[in-house]
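Structural overview for review
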Amino acid sequence: MLIITGFCGFLLVVYLIIASGVRDVGHAMLLIGWWLIPITLFHLVPLVFSALAWRNLLPTSSRLDTLGIIRIRWIRESINSLLPVAGIGGDVASVRLTHLQGVPGAQAAASMVVDTTVGVATQLLFVLSGVGLLLMRSTERGVLLLVCTVLIGTGVFFVAITAFVLLQHRGLFAGFAKWVRRLLGEKWLSAYAAGASAIDDAVVATYRDGSVMLRANLLRLIGWAAGTGEIWLVMQSLGQPLGVVDAFILESLSSGVRAAAFMIPGALGALEGSFVLFGALFGLPADTALAISLSKRVRELALGLPGLVVWHWIEGHYLLRRSEPKAR
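Quick look at the structure, then. None of these values were measured; they are calculated from a predicted model.

Scanning the protein from terminus to terminus reveals 15 helices and zero strands. Against the compact-globule benchmark of 20 Å for 328 residues, the protein has a radius of gyration of 21 Å, which places it among compact chains. Viewed in the frame of its principal axes, the protein has a C-alpha envelope of about 60 × 45 × 35 Å. Within the protein, buried positions represent 45% of all 328 residues. By sequence separation, contacts in the protein at least 24 residues apart represent 72% of the contacts at least 6 residues apart. Split by element, the accessible area of the protein, about 16,600 Å² in all, is 71% carbon and sulfur.

As structure tokens, this is what we get:
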């Protein structure tokens, strides 16, 4: 399913480029040129903020150092951006990597679950703030229709997040352990059930720490807002400066589309289409809007491919260390 949606998304990207003019899109990318380096490096800013938000959710006694959590966050994002894992494969891998760094398994899993929830919740706030700024900018019929559509989608996601949080407080993992009881033996289940209950307890304990949750949410919100700088830099490189507020609106709305298109690997096609659609609100030609999106794709590849290499290196190194005693 993910491969099919990814292929369809790729076809949509090809169509949008052809419809917008291959020469025009290519010319826009050539104008950006070496600007792609600072654009790519700038993404480290929101990445660091999201990593620090996640680090705050780990207990002080087992909290990783800053560079360590940034590295794992980088790998986590690389996996989710470049591999067909429905946006959660990187989260699962990050739990394992965090555990390999000495964090107890239950705490590592709990921090990932809460961090994912915080990420989605703050992203909704980010999208809503963009919608509010868009309404302050214009109340044309097309804008109002777009706003209504976004608000409906936001409402659906809000209900989903609320339900997810309630499940976390009512023993999400323990409930899952009971569900798989029919498929797996009691011996396996007893071992898993204990771990599941530990994760549930760690999740609830994290939510109860108000100061930790406040810091995590604030850091994540800053991270979402910081992503605005990428669009601003792209427009500067094209010689078509875009105001910070307009860049903020464009980034927030496109991030909402990316979240909604989580079943499409890398939101391929959906992201490009959203930039064409939303860019038109600011008078941006389709080729310029696509250049913004393609710049993000270049950044994903430039940061993501090394991230995947580091991930495989860490896993390979761990497997080699485990096999050493057996070799002796």
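Once that is clear, we can look at the packing of helix 7 (residues 105–137) against helix 13 (residues 244–260). Two elements in contact, helix 7 and helix 13, have axes whose closest approach is 8 Å; the angle formed by their N-to-C orientations is 135 degrees. By the angle between their axes, helix 7 is oblique relative to helix 13. Between helix 7 and helix 13 the crossing geometry is left-handed. Residues Gln 123, Phe 126, Val 127, Ser 129, Gly 130, Val 131, Leu 133, Leu 134 and Arg 137 of helix 7 lie in contact with helix 13, whose contacting residues are Val 245, Asp 246, Phe 248, Ile 249, Glu 251, Ser 252, Leu 253, Ser 255, Gly 256 and Ala 259.

A pair can form between side chains of opposite charge whenever their charged atoms are brought close. Evaluated as defined, the whole model comprises twelve salt bridges. Here Arg 73 and Asp 115 are joined by a salt bridge, their closest N and O atoms 3.2 Å apart. Note that Arg 73 is positioned in helix 5 (residues 66–82) and Asp 115 in helix 7, a separation of 42 residues in sequence. With respect to class, Arg 73 is no different from Asp 115; both count as buried. A salt bridge links Glu 272 to Arg 297, with the nearest nitrogen and oxygen atoms 2.7 Å apart. Separated by 25 residues along the polypeptide, Glu 272 in helix 14 (residues 270–279) and Arg 297 in helix 15 (residues 286–327) bring together distant segments of the chain. With respect to class, Glu 272 is no different from Arg 297; both count as buried. Linked through salt bridges whose partners overlap, the residues forming this network are Arg 73, Arg 76, Asp 91, Asp 115 and Arg 220.

What counts, and where the lines are drawn
- Residues numbered from 1 in each chain as written.
- Predicted model: local features only at pLDDT ≥ 70, side-chain atom pairs only at ≥ 80, totals over all residues.
- Heavy atoms only, no water.
- Helix = DSSP H or I, 4+ residues; strand = E, 2+ residues; numbered from the N terminus.
- Rg over C-alpha atoms; globule rule 2.2 N^0.38 Å.
- Buried < 20%, exposed > 50% of the residue type's maximum accessible area, 1.4 Å probe, protein only.
- Contact = heavy atoms within 4.5 Å.
- Areas by Shrake-Rupley, 256 points an atom, 1.4 Å probe, with all protein chains shown as cover.
- Axes fitted to C-alpha atoms, helices over the stretch in contact; angles between N-to-C directions.
- Parallel < 35°, antiparallel > 145°, perpendicular 65-115°, else oblique.
- Left-handed = near helix turned anticlockwise from the far one by under 90°.
- Salt bridge = Lys/Arg side-chain N within 4 Å of Asp/Glu carboxyl O.

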